[in-house]
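So the chains spell out like this:
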Amino acid sequence: MARIGILTCSNATQDLGCSSVSCLADSRKRKGAFARYPEDENLTLVGIINCPGCPTLTGADKLLQRIRALTEFHIDAIHFTYCIKSLCPFKEKYKKALEETFPEIRIILGTHEEHITPEEFRQRVKKLFLQPRLSMPDVILGKD
Ligand code: SF4
């Protein structure tokens, strides 16, 4: 039996509206990074938590606080989502910090199956971020 948690990128979930649907689907189907768990092994997804946001001055400290939402619940592994694997400039630093702090927990880069190259994914996500969209200043200034 394996007990796992998932760490998501808050740019993907909060800004871009990802509900982790592909990660969850492939965890059920044992695809992508979940293929490492044998079909006959019970796989329990204990929890999902967002990264607390890009680190600015705090390095991995913010994440080490936040990740307690998973580490306090007897988990064997934490999967960094495909978004983190493909997009996050801090992923290696985070992985190292978690491995040093929680040596008994495996840190795995990736979740769902990868259907496009990371480069193509990065380009498409960049386009999403750059598309013009109205926001509160437009309401305040009557430009909406
Ligand atoms: S630090 Fe990485 S995972 Fe966290 S919000 Fe920023 S890009 Fe996403």
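Please refer to the structure placed before this passage.
Thresholds, definitions, all that
- Residues numbered from 1 in each chain as written.
- Predicted model: local features only at pLDDT ≥ 70, side-chain atom pairs only at ≥ 80, totals over all residues.
- Heavy atoms only, no water.
- Core = buried A, V, L, I, M, F, W, Y, C linked by side-chain atoms within 4.5 Å.
- Buried < 20%, exposed > 50% of the residue type's maximum accessible area, 1.4 Å probe, protein only.
- Helix = DSSP H or I, 4+ residues; strand = E, 2+ residues; numbered from the N terminus.
- Contact = heavy atoms within 4.5 Å.
- Pairing = 2+ DSSP bridges.

Chemist: Let's hear about the nonpolar core: which residues, and what values?
Modeler: Ranked by size, the top nonpolar core spans 24 residues in total, and within it Leu-7, Ile-67, Ile-78, Phe-80 and Leu-98 carry the most contacts. For this core, the secondary-structure elements that each account for two or more residues are strand S3 (77-80), helix H5 (82-87), helix H6 (91-101) and helix H7 (118-130). Setting aside residues no more than four positions away along its own chain, Ile-67 makes contact with Leu-7, Ile-49, Ile-78, Leu-98 and Phe-102. If you look at the next biggest cluster of nonpolar residues, it comprises ten residues, including Ala-2, Ile-4, Phe-34 and Leu-43.

Chemist: Just give me the short version of the pairing of strand S1 (residues 2-8), but keep the residues and values in it.
Modeler: Consecutive side chains along a regular strand alternate between the two faces of the sheet. Judged by how many residues are buried, S1 sits mostly within the fold: six of seven residues are covered. As paired strands, S1 and strand S2 (residues 43-50) are joined by seven bridges and run parallel to one another. Paired with Thr-8 across the two strands is Asn-50, which belongs to S2. As paired elements, S1 and S3 share four bridges and run parallel to each other. Pairing of Ile-4 across the sheet is with Ala-77, part of S3.

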